[in-house]
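Residue strings, one per chain:
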Amino acid sequence: MAAASSTVVRNLPYAPSVGERGVGDLFLPENETGKAPVLLIHGGGWNAMSKEAFDPVVPLFLQAGRAVFNINYRLLDQAPWPACGDDCLTAAHFILGGRLADYGLPLPAKILICGGSAGGQLAMMTGLRLPPENVEGIISLSGPSRMDIVDDASDPVLRSPEFLRQFFGSEPTRDLVASASPALAVRAGAPPLFCIHSKNDRLVLPEHSEKAVAAWHDAGAPAELLLFDGTGDKHGLWDSEDLATRRVFVPADALIREVLRRLN
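The notes below deal with the structure included here. (Residues numbered from 1 in each chain as written. Predicted model: local features only at pLDDT ≥ 70, side-chain atom pairs only at ≥ 80, totals over all residues. Heavy atoms only, no water.)

### Remarks on the side chain of Asp 25
- Relative to the helices and strands, Asp 25 is located in strand S2 (residues 23-28).
- With a relative accessible area of 0%, Asp 25 lands in the buried category.
- Separated by 2.7 Å, the side chains of Asp 25 and Arg 10 make a polar contact.
- One polar contact links Asp 25 to Lys 51, side chain to side chain, over a distance of 3.1 Å.
- Beyond its immediate chain neighbours, meaning those up to four positions away, Asp 25 contacts Val 9, Arg 10, Asn 11, Lys 51, Glu 52, Val 68, Phe 69 and Asn 70. (Helix = DSSP H or I, 4+ residues; strand = E, 2+ residues; numbered from the N terminus. Buried < 20%, exposed > 50% of the residue type's maximum accessible area, 1.4 Å probe, protein only. Polar contact = N/O pair within 3.5 Å; in protein donor to acceptor, adjacent residues only side chain to side chain. Contact = heavy atoms within 4.5 Å.)

### Digging into helix H2 (residues 83-96)
- Taking 1.5 Å as the rise per residue, H2 with 14 residues should run 20 Å; its terminal C-alpha atoms sit 20 Å apart, in good agreement.
- Across the 14 residues of H2, eleven count as buried, placing the element largely inside the fold.
- The set of residues buried in H2 consists of Ala 83, Cys 84, Gly 85, Asp 87, Cys 88, Leu 89, Ala 91, Ala 92, Phe 94, Ile 95 and Leu 96.
- Summarising the contacts, the buried residues of H2 are in contact with strand S1 (7-13), strand S3 (38-41), strand S4 (68-71), strand S5 (111-116) and helix H3 (118-129).
- Two residues or fewer after H2 comes Gly 98, characterised by a positive phi angle close to 75 degrees. (Expected span 1.5 Å × (residues − 1).)

Right, dumping it as structure tokens:
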């Protein structure tokens with residue numbers, strides 16, 4: 001649900017060859033501020049949902065004077081990793097290449113990247129694959145930071161052998177795991193990272209954000225973990241399970257706004 005004062009252009013193709021999974025919705029704020037636009041990436045376990053599921057996040061950025069490009073990407077049933085990551089990177093280059101200028105978004109020097117759940121992993125990997133000078137920051141909302149098998153059973157679905165074979169389309173190798181794990185891929189000079197995570201999350205455990213922040217710090221890059229008390233044992237990002245009416249849960253909303261104030 002975008003702010004009533006915004007301009008919306010839906011289903012702009014950034015990757016025409018992949019059809020409806022290669023489109024995005026452009027939201028423009030009422031007043032152009034020159035702030036870095038946002039590449040917004042939905043969640044859904046890399047194999048569900050679409051850009052509309054993340055519409056409730058859009059008004060937070062519009063109210064901060066930022067344009068938003070909210071995208072689809074290929075799901076695992078269509079193609080395994082790195083297809084979804086490549087799509088997000090293509091969308092980032094689409095924005096940075098000035099391809100949205102005809103629709104009212106001037107050529108930006110930088111973008112801000114935000115994603116939730118699976119989209120958080122995609123946001124982190126996209127930010128790491130771009131030149132650091134082109135990324136103002138990365139906001140990961142409950143994003144997984146490692147895609148390898150762990151000995152304990154605390155993360156049973158996300159990092160199970162069956163899921164990883166689906167995710168990678170083959171038996172995961174060390175190089176494949178590193179290619180999809182922000183906590184293993186971060187290097188010196190990485191863009192600033194802000195991890196927002198419910199401390200009650202059992203879908204993607206808060207340790208994913210803890211490991212991401214620790215990895216950023218180990219690389220000498222800025223990162224911060226912002227925890228909130230989410231309702232239930234899922235991500236806690238929404239005030240309702242109803243896709244049509246839900247809004248960002250107030251504590252998560254406040255943390256996103258706080259990050260935007262710091263970036264401004």
